Amino acid sequence: MTEPAREMSPQPETLMPEPTGTDRDWAKWLPTVRDTVIAVILALLVGAVLIILSDEQVIESLDALFSNPGSFFVYAGDVLRYSGEAVWDAYTALLRGAFGSGPAWERTLERSAPLICAGLGVALAFRAGLFNIGAQGQMLVAALAAGYVGFNYDLPPFIHLLAAIAAALVAGALWGGLVGLLKARSGAHEVITTIMLNQVGRFTVLFFLAREAFQRPGSDNLLSPIVDSDAQYPTIAGLHLGILVALLAAVAVWWLLVRSKLGFELRAVGANPDAARTAGMSVSKVYIAAMAIAGLLAGLAATMTVLGLRQGVTDQVVGSVGFDAITVALLGRATPFGTVLAGLLFGALSAGGLGMQTAAGVPPELIQVVQALIVLFVAAPALIRGLTRIRRRRAQAEAQEVAA
Amino acid sequence: MSAVIDAPAPAAGAPEPQVRDRADVRRQVKLVVVLAIVLAVEIWFKLNIDDPSVSHLLKGPRTKENLPVEFDGTLVSWTAVVVSAVALVLAILNRYPRGWVGILVSTLVGIGFYSAFLMWAYADPDGFAASITNPIPGTISLATPLVLGALAGVLCERAGVVNIAIEGQFIAGAFFGSVFSSFAVASIAAIPLFWCSIFGLLGGIVAGVGMAALLGVFALRYHVDQVVVGVVLVAFGYGITSFLLGQIPDDNEEMFNQPELLESVEIPGLSDIPYIGHALFGQNLLVYFMYVAAPLVWWLLFQTRWGLRVRSVGEHPKAADTVGINVNRVRWQAVLLGGVFAGLGGAVFTLDIGSFDKEMTAGTGFIALAAVIMGRWHPIMAALAAVLFGFLRTLENQLSILDEKVPGELLAALPYIATIIAVAGFAGRVRPPAADGQPYVKSD
């Protein structure tokens, strides 16, 4: 019965609702799903406008239209036709690129896996009230660690993989835990420390890549050797099993949040640190633990690229996953299941964006714009609806008073 | 009567026992430890110099008339050691000054350490003997966007609106500054070139205010979590500018992406001051604006009625509302004004350097945000923090040629490590404006 009270005052927390004791109330999530779908559609509409405005044929026909205003309808028809073609081509290429074939599905799942893991890390930190922008740095150092164990040592097959993953987890947990420690001991704002550590992480990676031990033989570039095949993720039909690991991680995070003592403390601290402290919980411990686990998850995400896609370690190896993970966590309302879905969606968009670029010539930055818009629209309508519900409820209450 | 009213007087000659609170003790311990380390490192620097002759080019870049001046670095090194030793002694005796004098002393120690480091780094060159160059031009140039961005952040956050989107405002300001300027050059024939770059500034302002308006709409009207809006606006800014950049046809570059750069305007008397004159007073308009901007924002926030309203809205919007202040309108004003500054800060990138490139701001907006927090949301302090960041980045550039002594990556990471140490060690628990980040909803 706390739902009505929560909706009465639109709080920023409506983006990240508190999980109730049981997550089996599926119906409770339907409005959220509906809002997300509407947001995706709206974002794709804005994307369509951008596609139209950037299509050569449309621009040419618009030119023709403006130079011959007399025969408006003739040229207007052209404009509409070309616009429709542009959008149709682009979006069918998007769908085909994400789901149209075996390799497309592979690409989607490959791109989703790190997004899910890193997104889980950011989401977990959100739950504790911490804004973790540091996934980028955490992933970089973890990638370095995993890569080093992968190409420098020689271990029996499965052990090698586990060792590399473990190295990544430890590196990420340390990088993240440092932020938590700083926040707990000195109150240092995690927004600053994570941004700074991102850059420090990048330079740390560059530093090590310049050392002999990390150089790829035969190349002077800052590129490390590819890891031993013993240390790579096993694959099925070309798709590495990172996606399974990501899903398992999501289950683990869910269990941690909903069924464990630490998870309860984490949520309590996130809701109200002062109340949690009064209740006897150690806020410091929660901050450190939350950031360490977030870093650990980011490290897991890093293994997907280094140990899954068989690439060498560079300072660009994790791409923009660290930043995208933030939007994934926001879209997923900071819940494990939501993050998985959001990660899959963004992975599909990313893979589809590649297809859109090759097949329809649409620049990949459009996908970034669409992703940003999705998150924005997701956050806004939910509150518009909340506001209208307040007005309606207040009107109802007043009507009742008058009637009484 | 007097015995009842008067407090018991201390015994003549015996001083009251001083009770020091833990924070005071901790401060002293931190100071002693840091100063001891500084002193030890400076002595190590001095002892590690074999041949103390270095050369400097502080007057300006190397030309036929301006050759490197050789000098003996020993005096500088020992002076730095003496300064640090004095400061250490003060700290041990718990006499380290507080307030502005304390900041001055700390700055002197800092300058001393910097000089000692330079003496060590530039002595005993392995190959080419580099000269110590003047850090001021680079600092000014790198600090300008940081200061403007930090001021934008201060304005927004003092009104209670968290502004993570400074980076997005920068990238938009950079792009549209370039576009407006190029467009003016290519299309408007009658305007002298100088005004084309001013037109570019207008583009930057439009872009900054536009992004600020988006921030305002979603944060103030739709009550979206302001941190979310900030992150989204940064992603959106990156995406839309890269996208639009890609839309510029290659043969039409000069219409859209060849901006007329801002000219340098020398201020007659001041720019002749030796060593620093040209660097400080031979710059372009945006730099001069930066000089004025920080005191301007300070004056606006602390000496005008509008500023009082802004601050009250950021600390206790409910009380402000009771007094009759329209909370959201004041917040809108602060956010949009902040957008002007941030947009100009972004324009620096293209109107000072050249054409727009994808993601060219490279995280500078976030550094500006860090400057805001380091400056504890005070315009002058935030501006100084921004200048410090600019200085550290210039240092990194200058010292990148000395790769054998100091690894380049360590230097590059130095500003960031320094920030972490500053925020964790000395800024302490910073207190943002009390209502920062909370949307205000009128309720009765």
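Please read all numbers here as calculations on a predicted model, not as lab measurements.

Enquirer: Quick question: what am I supposed to make of the overall build of chain A here?
Expert: When you go through chain A residue by residue, the secondary structure sums to 15 helices and two strands. Of the roughly 18,000 Å² of accessible surface on chain A, 65% is carried by carbon and sulfur atoms.

Enquirer: Quick question: what am I supposed to make of the overall build of chain B here?
Expert: Looking only at helices and strands, chain B features 17 helices and three strands. Of the contacts formed within chain B by residues at least 6 apart in sequence, a portion of 77% connects residues at least 24 apart. Surface exposure of chain B reaches about 20,800 Å², of which carbon and sulfur atoms provide 66%.

Enquirer: Can you help me understand the confidence of the model for chain B in this one?
Expert: Interpretation of this model should avoid reading the predicted coordinates in detail wherever pLDDT is low. Residue and element names in this part refer to chain B. Mean pLDDT for chain B: 80, with 85% of residues reaching 70 or above. Mean pLDDT in chain B bottoms out at helix H1 (residues 2-5), which sits at 50, and peaks at helix H12 (residues 305-315), which reaches 92. Interface predicted TM-score (ipTM) for the complex: 0.76; the corresponding pTM is 0.80.

Enquirer: Could you clarify how one ought to interpret the nonpolar core in this entry?
Expert: Soluble globular proteins: nonpolar side chains tend toward being buried together. By size, the foremost hydrophobic cluster in this structure holds 210 residues, and its most contacted members are A:Met139, A:Phe346, A:Met356, A:Leu366, A:Ile374 and B:Phe341. Among the elements that line this core, the one with the most residues is helix H12 (residues 283-308) of chain A, at 14 residues. Judged by nonpolar contacts, the second largest core, of 19 residues, contains B:Ile49, B:Val54, B:Trp120 and B:Ala130.

Enquirer: For this particular structure, what's the right way to read the interface of chain B and chain A?
Expert: Often, the extent of an interface is quoted as the loss of accessible area upon association of its parts. The interface of chain B with chain A comprises 37 residues on the first partner and 43 residues on the second. Of all residues in chain B, the largest losses of buried area upon contact with chain A belong to B:Phe243, B:Glu409 and B:Ile420, amounting jointly to 16% of the total for that side. The tally of links between chain B and chain A comes to zero salt bridges. At the boundary of chain B with chain A, the tally comes to zero residue pairs in polar contact (both at pLDDT 80 or more). Those elements that provide at least two residues to the side of chain B that touches chain A are helix H8 (226-247), helix H15 (364-374) and helix H17 (408-427) of chain B. With 13 residues, the single largest contributor to the side of chain B that touches chain A is H8(B). When its residues are assigned to classes, the side of chain B that touches chain A shows 27 nonpolar, six polar and four charged.

Enquirer: Is there a simple way to explain empty space enclosed by the protein in this structure?
Expert: Vacant regions in the atomic arrangement are exposed by a probe of water-molecule size rolled over the atoms. What the rule picks out here adds up to three cavities of 30 Å³ or more. Around the largest cavity sit A:Phe323, A:Asp324, A:Thr327, A:Gln368, A:Gln371, A:Ala372 and B:Ala235, which together line it. Looking at the lining of the largest cavity residue by residue, the class counts come to three nonpolar, three polar and one charged.

Enquirer: When you look at the side chain of B:Arg331 in this model, what are you seeing that I'm missing?
Expert: Residues and elements named next belong to chain B. Note that Arg-331 resides in helix H14 (residues 327-353). Residue Arg-331 is classed as buried on the basis of its relative accessible area of 0%. Those residues in contact with Arg-331 that lie beyond four places of it in its chain are Ala-159, Gly-160, Val-161, Leu-220, Val-313, Pro-317, Ala-435, Gln-438, Pro-439 and Tyr-440.

Enquirer: Any chance you could explain the packing of helix H7 (residues 193-221) of chain B against H8(B) here in plain terms?
Expert: In a packed pair of helices, the relevant descriptors are the angle between the two axes and the axis-to-axis distance. Residue and element names in this part refer to chain B. Contact geometry of H7 with H8 gives a least axis separation of 10 Å together with a crossing angle of 145°. The two elements H7 and H8 cross, and the hand of that crossing is right-handed. In this structure, H7 contributes Met-211, Leu-214, Leu-215, Phe-218 and Ala-219 to the contact, and H8 contributes Gln-226, Val-229, Leu-233, Phe-236 and Gly-237. Looking at the contact of H7 with H8 residue by residue, the class counts come to eight nonpolar, two polar and no charged.

Enquirer: What should I look at first to understand the pattern of salt bridges in this one?
Expert: For side chains of opposite charge, pairing can occur when their charged atoms come near one another. Residues and elements named next belong to chain A. Summed over the entire model, instances satisfying the criterion amount to four salt bridges over all chains. Between Lys-261 and Glu-265 there is a salt bridge; the shortest N-O distance is 3.6 Å. Of the two residues, Lys-261 and Glu-265 are both situated in helix H10 (residues 261-271); the distance of four residues between them amounts to about one turn of the helix. By relative accessible area, Lys-261 is classed as exposed at 62%.

Enquirer: Just checking my understanding: could you explain unusual backbone geometry for this structure?
Expert: Most peptide bonds adopt trans geometry, and most residues besides glycine take a negative phi value. Residue and element names in this part refer to chain A. Although it is not a glycine, Arg-333 sits at a positive phi angle of roughly 50°. Along the chain, Arg-333 turns up in the loop between helix H13 (321-331) and helix H14 (336-360). When its relative accessible area of 6% is taken as the criterion, Arg-333 is described as buried.

Enquirer: How do you make sense of the side chain of B:Ser182 when you look at a structure like this?
Expert: Residues and elements named next belong to chain B. For Ser-182, the position within the fold is in helix H6 (residues 166-187). On the accessibility criterion, Ser-182 (0% relative accessible area) is buried. Here Ser-178 takes part through its backbone oxygen, which lies 2.6 Å from a polar atom of the side chain of Ser-182.

Enquirer: Just to check I follow, could you spell out a negative patch on the surface for this structure?
Expert: On the surface, a cluster of negative charge is made up of B:Asp50, B:Asp51, B:Glu70 and B:Asp72. Looking at where B:Asp51 falls in the secondary structure, it is placed in the loop between helix H2 (22-47) and strand E1 (53-57).

Enquirer: Is there a simple way to explain the sheet that holds strand E3 (residues 132-133) of chain B in this structure?
Expert: Strands sit in the order E2-E1-E3 (chain B) across an open sheet of three strands; the sheet is mixed. Of all the strands in the sheet, just strand E2 (69-72) and E3 of chain B have a single pairing partner and so form its edges.

Enquirer: Please explain the pairing of E1(B) as it appears in this structure.
Expert: Regular strands place their side chains on alternate faces of the sheet. Residues and elements named next belong to chain B. Of all the five residues making up E1, four are buried; the element is thus mostly covered by neighbouring parts of the structure. As paired elements, E1 and E3 share two bridges and run parallel to each other. The partner of Leu-57 across the bridge, within E3, is Thr-133.

Enquirer: Just to check I follow, could you spell out the packing of aromatic side chains for this structure?
Expert: In this description, an aromatic ring pair is defined by two values, namely the gap between the centres and the angle between the planes. All names here are of chain B. Scanning all chains against the criterion turns up 13 aromatic pairs over all chains. Relative to Phe-45, the ring of Trp-44 has its centre 6.0 Å away and its plane inclined at 55°; by these criteria the two rings are tilted. When its relative accessible area of 47% is taken as the criterion, Trp-44 is described as partly exposed. Seen from their ring centres, Tyr-288 and Tyr-291 are 6.1 Å apart, and the 50° between their planes marks the pair as tilted. Remark: Tyr-291 and Tyr-288 occur in helix H11 (residues 285-303); sequence separation between them is three residues, near one turn of the helix. By relative accessible area, Tyr-288 is classed as buried at 13%. Take Tyr-291: its relative accessible area is 28%, and that puts it in the partly exposed class. Among the aromatic residues, those joined into a ring-pair cluster are Trp-44, Phe-45, Phe-113 and Phe-117.

Enquirer: Can you help me understand H8(B) in this one?
Expert: Every α-helix carries 3.6 residues per turn, so stepping three or four residues along brings you back to the same face. Between its terminal C-alpha atoms H8(B) stretches 31 Å, which fits the 32 Å expected from 22 residues at 1.5 Å a residue. Counted residue by residue, H8(B) has 18 buried out of 22 residues, so it is predominantly covered.

Enquirer: Sorry if this is basic, but what is going on with a nonpolar patch on the surface here?
Expert: Residues A:Leu30, A:Val33, A:Val37, A:Ile38, A:Ile41, A:Leu42 and A:Leu45 make up a contiguous nonpolar surface patch of about 600 Å² in total accessible area. If you trace the backbone, A:Leu30 turns up in helix H2 (residues 30-54).

Enquirer: Explanation requested: the environment of B:Gly138 in the structure shown.
Expert: If you trace the backbone, B:Gly138 turns up in helix H5 (residues 136-158). Owing to a relative accessible area of 23%, B:Gly138 belongs among the partly exposed residues under this scheme.

Rules and cut-offs
Residues numbered from 1 in each chain as written. Chains lettered and ligands numbered in written order. Predicted model: local features only at pLDDT ≥ 70, side-chain atom pairs only at ≥ 80, totals over all residues. Heavy atoms only, no water. Helix = DSSP H or I, 4+ residues; strand = E, 2+ residues; numbered from the N terminus. Areas by Shrake-Rupley, 256 points an atom, 1.4 Å probe, with all protein chains shown as cover. Contact = heavy atoms within 4.5 Å. pLDDT = per-residue confidence, 0-100. Core = buried A, V, L, I, M, F, W, Y, C linked by side-chain atoms within 4.5 Å. Buried < 20%, exposed > 50% of the residue type's maximum accessible area, 1.4 Å probe, protein only. Buried area = accessible area lost by both parts, 1.4 Å probe. Salt bridge = Lys/Arg side-chain N within 4 Å of Asp/Glu carboxyl O. Polar contact = N/O pair within 3.5 Å; in protein donor to acceptor, adjacent residues only side chain to side chain. Nonpolar A, V, L, I, M, F, W, Y, C, P; charged D, E, K, R; others polar. 1 Å grid on protein atoms, 1.4 Å probe; cavity = no way out; pocket = protein on both sides within 12 Å on 5 of 7 lines; lining within 4 Å. Points joined across faces, edges and corners; volume = space filled by probe spheres on them. Axes fitted to C-alpha atoms, helices over the stretch in contact; angles between N-to-C directions. Left-handed = near helix turned anticlockwise from the far one by under 90°. Patch = residues over 30% accessible without salt bridge, like charges linked within 9 Å, V, L, I, M, F, W, Y side chains within 5 Å. Lys, Arg positive; Asp, Glu negative; His and termini not counted. Charge placed at Lys NZ, Arg CZ, Asp CG, Glu CD. Pairing = 2+ DSSP bridges. Phe/Tyr/Trp six-rings, centres within 6.5 Å; stacked < 30°, edge-to-face > 60°. Expected span 1.5 Å × (residues − 1).

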